[in-house]
Amino acid sequence: MVPVMSTGDMLDESNSAILDPISSVTEGCRLPVLMMSSQEWPLAEVISIAEKDHQKMFYIHYIDYNKRLDEWVDESRLDLRKIQYPRRDLGAPSNTGGFNTPKKLQVSSGGTVSRPASPGIPAPHGGYDETRVAADDVDSQDPITGPSVLAALQLKQQKYKKRKIESLETPVTVQEEAPTRRSSLSDLEVSISGIDAPPLPSTASSGTPAVGNHCTGATNHAPRQTGSLAAHTEDHAITRIKNIRMIELGQYRIKPWYFSPYPEEITELDCVYLCEYCLKFRKSFKCLQRHLQKCPYRHPPGNEIYRKGTISFFELDGRKNKLYSQNLCLLAKLFLDHKTLYYDTDPFLFYVMTECDNRGYHIVGYFSKEKESSEDYNVACILTLPPYQRKGYGKLLIEFSYVLSKHEGKTGSPEKPLSDLGLLSYRSYWKHTILDILINAKTLDGQEKPLITINEICDQTKIKKEDVISTLTTMELMNYYRGQYILTLPRDLVDAHNKAVAERKVPKIDDTCLHWKAKDWAKRGKW
């Protein structure tokens, strides 16, 4: 028999739904959430809902904020008065909706299948729009292997090749002038003569170029889909949720920023204990103590190729030191959102920076690079651990990568896209390195002003040409003046550079302390 619900029961159920608005919150909803660090109420998206300690918890992502700020919150921090449902729900929650619902593909007027619009685009009538035109005969495809995405990637690569800039080999003259006519021209002026080209487009001083688009008008290589810095093309809810609450590494307890594919039994612990020498993970402090008594290492298991003071660099082969390299990648994923390589470490070399004391060598950060890179990438992945950030170690890692490129006899560039913190570090390094070259340029005999070319800057710094031009453009130093390109160096920029150099705490890399020879991996078979 089919049970019949009375009118009173139906009224009670509807009233309970009205009186309990928290039950209407589903995955994919957006609403203001209290951010404890700033006591503000930014808009956030509900990624997942779970029951923890008999309490309903919501994992949320703050819109327009970095994913490292994502967190679990309870209902007391939700503003249910301004909840926004996905447009497909037509203003009501749906049990079948949510983050993992497969999205249909969009069909343009020409019949080409493309990916749907981002759900983050505001809808014209409130909420956020996911309107799409779907054909009945089009099945949902995997975003990575779909032929439409591959075709779009090939088309994008062709466009990038067509936009390749002309080589700038014209001499650059450095001249000193008193500031006249315009405030941007100051004591130091660099002019690039003999280039017949239209003026460079003006850029806003407050604007920040997007990640991976460092060079305005220059070659912007599409990121390759293999390797440690391949961009995520899928947004699975499970990879968006932090699965490690806390790690203990040496004398530091660190709260992770992102998801990392550690074993499931490890993710259920309140704290994961890591050996700071071999990076193996243990479930408890007692297990870690027993491990430290047996661990044969007091430094990374590789060759020490650089030492000056307390700073050392170790080179590790991803094939010979596979276990350490895999554990290093798992650790790095906790603080790098875009990293996708964890286990296939054979094609990579790892350079680990450490600080030494009487207890051993403690990991500070690392970078990896491909043994053979067709794009001349000198860095595939780079990380400074949070306890050592904002102390100059990041620039030291970047500088060391270019010192290795110098010994290899070629220019290098980091693999794109860069993380937000990586982009800031690289732009700062490029800026100060190029300014140091321009400020210290000397006048030769018979020259009225110092002369230098873009290629000479690349040869001295080993920075790729497109990165040099990108840095000059980002700093708004490159202008079109009286029929020629000039580089203007404002006096306040020069003073700020000299002040930053004087305040640098970590010494620069000393080339004489490096004991390393470049290897031709193309002749070494399978490495």
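Residues numbered from 1 in each chain as written. Predicted model: local features only at pLDDT ≥ 70, side-chain atom pairs only at ≥ 80, totals over all residues. Heavy atoms only, no water.

1. So, the packing of aromatic side chains
Working definition: an aromatic ring pair is given by the centre-to-centre distance plus the angle between the planes.
Working step 1: In total, this model carries 18 aromatic pairs according to the counting rule given.
Working step 2: Relative to Tyr361, the ring of Phe314 has its centre 5.5 Å away and its plane inclined at 85°; by these criteria the two rings are edge-to-face. Placement of the pair is Phe314 in strand β14 (residues 311–317) and Tyr361 in strand β16 (residues 360–370), with a sequence separation of 47 residues. Comparing Phe314 with Tyr361, the two get one shared label, buried.
Working step 3: Through a chain of ring-to-ring contacts, three or more aromatic side chains come together here, namely Tyr306, Phe313, Tyr351, Phe367 and Phe400.
Working step 4: The aromatic ring of Trp257 is capped on one face by Arg68, whose charged end is 4.5 Å from the ring centroid.
Working step 5: The positively charged end of Lys371 is found above the aromatic ring belonging to Trp521, 5.0 Å away from the centroid. (Phe/Tyr/Trp six-rings, centres within 6.5 Å; stacked < 30°, edge-to-face > 60°. Helix = DSSP H or I, 4+ residues; strand = E, 2+ residues; numbered from the N terminus. Buried < 20%, exposed > 50% of the residue type's maximum accessible area, 1.4 Å probe, protein only. Lys NZ or Arg CZ within 6 Å of the ring centre and 35° of its normal.)

2. Description of helix α7 (residues 393–408)
Working step 1: With 16 residues, α7 ought to run about 22 Å at 1.5 Å a step, and its terminal C-alpha atoms sit 23 Å apart, in line with that.
Working step 2: The element α7 is largely enclosed, with a buried count of twelve among its 16 residues.
Working step 3: Burial in α7 covers these residues: Tyr393, Gly394, Leu396, Leu397, Ile398, Glu399, Phe400, Ser401, Tyr402, Val403, Leu404 and Ser405.
Working step 4: Backbone geometry just downstream of α7 places Gly409 in the positive-phi region, at approximately 75°. (Expected span 1.5 Å × (residues − 1).)

3. A look at the pattern of salt bridges
Working step 1: Going through the model one piece at a time under the given rule, you end up with 17 salt bridges.
Working step 2: Here Arg30 ties to Glu45 by a salt bridge, and the two come within 3.8 Å at their closest N and O atoms. Here the residue Arg30 occupies a position in strand β1 (residues 30–32), and Glu45 occupies one in strand β2 (residues 43–52), the gap between them amounting to 15 residues.
Working step 3: Given a relative accessible area of 9%, Glu45 falls into the buried group.
Working step 4: Its salt-bridge partner being Arg359, residue Asp357 comes within 3.9 Å of it at the nearest N-O pair.
Working step 5: On the basis of relative accessibility, which here comes to 34%, the residue Asp357 falls in the partly exposed class.
Working step 6: We classify Arg359 as partly exposed; its relative accessible area is 42%.
Working step 7: Each of Glu276, Asp357 and Arg359 takes part in salt bridges that share partners, so that together they form one network. (Salt bridge = Lys/Arg side-chain N within 4 Å of Asp/Glu carboxyl O.)

4. Remarks on the nonpolar core
Working step 1: By size, the foremost hydrophobic cluster in this structure holds 84 residues, and its most contacted members are Ile247, Phe313, Leu331, Phe335, Phe400 and Leu472.
Working step 2: Discounting chain neighbours no more than four positions away, the residues touching Phe335 are Ile247, Ile254, Lys255, Pro256, Trp257, Tyr258, Leu383, Leu385 and Pro386. (Core = buried A, V, L, I, M, F, W, Y, C linked by side-chain atoms within 4.5 Å. Contact = heavy atoms within 4.5 Å.)

5. Quick word on the sheet that holds strand β18 (residues 381–384)
Where strands meet in a sheet, backbone hydrogen bonds hold them as pairs that are either parallel or antiparallel.
Working step 1: The five strands lie next to each other as β13-β14-β15-β16-β18, forming an open sheet whose pairing is antiparallel. Taken across any chain shown, the strands that pair with only one partner, and hence form the sheet edges, are β13 (303–308) and β18. Looking at each pair of strands side by side, their axes are set apart by 20° on average, direction ignored.
Working step 2: Judged from the seven bridges that link them, β14 and strand β15 (residues 348–357) form a sheet pairing that is antiparallel. Note on β15: the bridge partner recorded for Glu315 is Tyr351.
Working step 3: Sheet contacts for α7: β13, β14, β15, β16 and β18; angle to β16, the most-contacted strand, approximately 50°. (Pairing = 2+ DSSP bridges. Axes fitted to C-alpha atoms, helices over the stretch in contact; angles between N-to-C directions.)

6. A closer look at the sheet that holds β1
Working step 1: Pairing is antiparallel across the open sheet formed by four strands, whose spatial order is β1-β2-β3-β4. With one partner strand each, in any of the chains shown, β1 and β4 (71–74) form the two edges of the open sheet. Averaged over all neighbouring strand pairs, the angle between strand axes comes to 50°, with direction disregarded.
Working step 2: Sheet topology places strand β3 (residues 55–62) next to β4; four bridges connect them, and they run antiparallel. Bridge pairing in β4 places Met57 opposite Asp74.

7. Thoughts on the side chain of Arg77
Working step 1: In this fold, Arg77 is placed in the loop between β4 and β5 (106–107).
Working step 2: Residue Arg77 is classed as buried on the basis of its relative accessible area of 12%.
Working step 3: There is a polar contact of 3.3 Å between the side chain of Arg77 and the side chain of Tyr62.
Working step 4: Setting aside anything within four residues of it in sequence, one finds Arg77 in contact with Pro32, Val33, Leu34, Met35, Met36, Trp41, Tyr62, Glu71 and Trp72. (Polar contact = N/O pair within 3.5 Å; in protein donor to acceptor, adjacent residues only side chain to side chain.)

8. Considerations on helix α8 (residues 420–439)
Working step 1: The end-to-end C-alpha distance of α8 is 28 Å, a good match for the 28 Å that 20 residues give at a rise of 1.5 Å each.
Working step 2: Listed as buried for α8 are Gly422, Leu423, Tyr426, Arg427, Ser428, Tyr429, Trp430, Thr433, Ile434, Leu435, Ile437 and Leu438.

9. Details of the confidence of the model for the protein
Any segment with low pLDDT has predicted coordinates that should not be analysed in fine detail.
Working step 1: In the predicted model, the protein carries a mean pLDDT of 75, and the fraction of residues at 70 or more is 67%.
Working step 2: Low pLDDT, under 50, characterises residues 13–19; the stretch is placed with two contacts to residues that sit more than four places away or in other chains.
Working step 3: Every residue in residues 175–189 is under pLDDT 50, and counting partners more than four places away or in other chains gives 37 contacts. (pLDDT = per-residue confidence, 0-100.)

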